[in-house]
Amino acid sequence: MSFDTPDDRRYQESHEWALETDDGVRIGITDFAQDELGDVVFVELPDEGEDITAGESFGVVESIKAVSDLYAPVSGTVTAVNEDLFDAPELVNEDPFDEGWMLAVESDDESELEDLLTAEDYEEQVA
């Protein structure tokens, strides 16, 4: 089965993606991750203004199969949370790269993005 892996963002081995935007770094989980999880039924995310640290857990995604921690691809301050996910967690399954985004972060260190996997490297990892 093939998974969508847009090459405009960077990836973590733990299946989160990071996309640099005008508003900072947007974060979500990959198409592969949402498929492995199955139907997402609940998402727990930090509040705006909270700090997250690269490599550390920032929240939880719960599906009918499992509960999984979410790991921050970059460090920074949360500037936005996708509140649509609280009422419609299935957006993570339906559109993990757009409507199903989770956080926006003002990054403390732009170089952290460069340390993440490219789309090609991530696809090799999950193959």
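Up top is the structure these notes are about.
Since the structure is predicted, the reported quantities are computational estimates derived from the model, not experimental observations. (Residues numbered from 1 in each chain as written. Predicted model: local features only at pLDDT ≥ 70, side-chain atom pairs only at ≥ 80, totals over all residues. Heavy atoms only, no water.)

Asks: What should I look at first to understand the overall build of the protein chain in this one?
Replies: The number of helices and strands found in the protein chain is five helices and nine strands. Walking the protein chain from its N terminus toward its C terminus, one meets helices and strands in the order β-β-β-α-β-β-β-β-β-α-α-β-α-α. Whereas a compact globule of 127 residues would reach a radius of gyration of roughly 14 Å, the protein chain reaches 13 Å, a difference of no more than 12%. Along the first, second and third principal axes, the C-alpha atoms of the protein chain reach 35 × 35 × 25 Å. Burial status across the protein chain gives 48% buried among its 127 residues. Taking as baseline every contact in the protein chain between residues at least 6 positions apart, the subset at least 24 positions apart corresponds to 62%. For the protein chain, the accessible area works out to roughly 6600 Å², and carbon and sulfur atoms hold 39% of it. (Helix = DSSP H or I, 4+ residues; strand = E, 2+ residues; numbered from the N terminus. Rg over C-alpha atoms; globule rule 2.2 N^0.38 Å. Buried < 20%, exposed > 50% of the residue type's maximum accessible area, 1.4 Å probe, protein only. Contact = heavy atoms within 4.5 Å. Areas by Shrake-Rupley, 256 points an atom, 1.4 Å probe, with all protein chains shown as cover.)

Asks: Would you mind showing me how to read the environment of His15 here?
Replies: Mapped onto the elements of the fold, His15 is located in the loop between β1 (10-11) and β2 (16-21). The sequence separation of His15 and Ala119 amounts to 104 residues, and the corresponding C-alpha distance is 11 Å. Not counting the four nearest positions on each side in its chain, His15 is found in contact with Gly28, Ile29, Thr30, Phe32, Ala33, Tyr122, Gln125 and Val126. At a separation of 2.6 Å, a polar atom in the side chain of His15 contacts the side chain of Tyr122. (Polar contact = N/O pair within 3.5 Å; in protein donor to acceptor, adjacent residues only side chain to side chain.)

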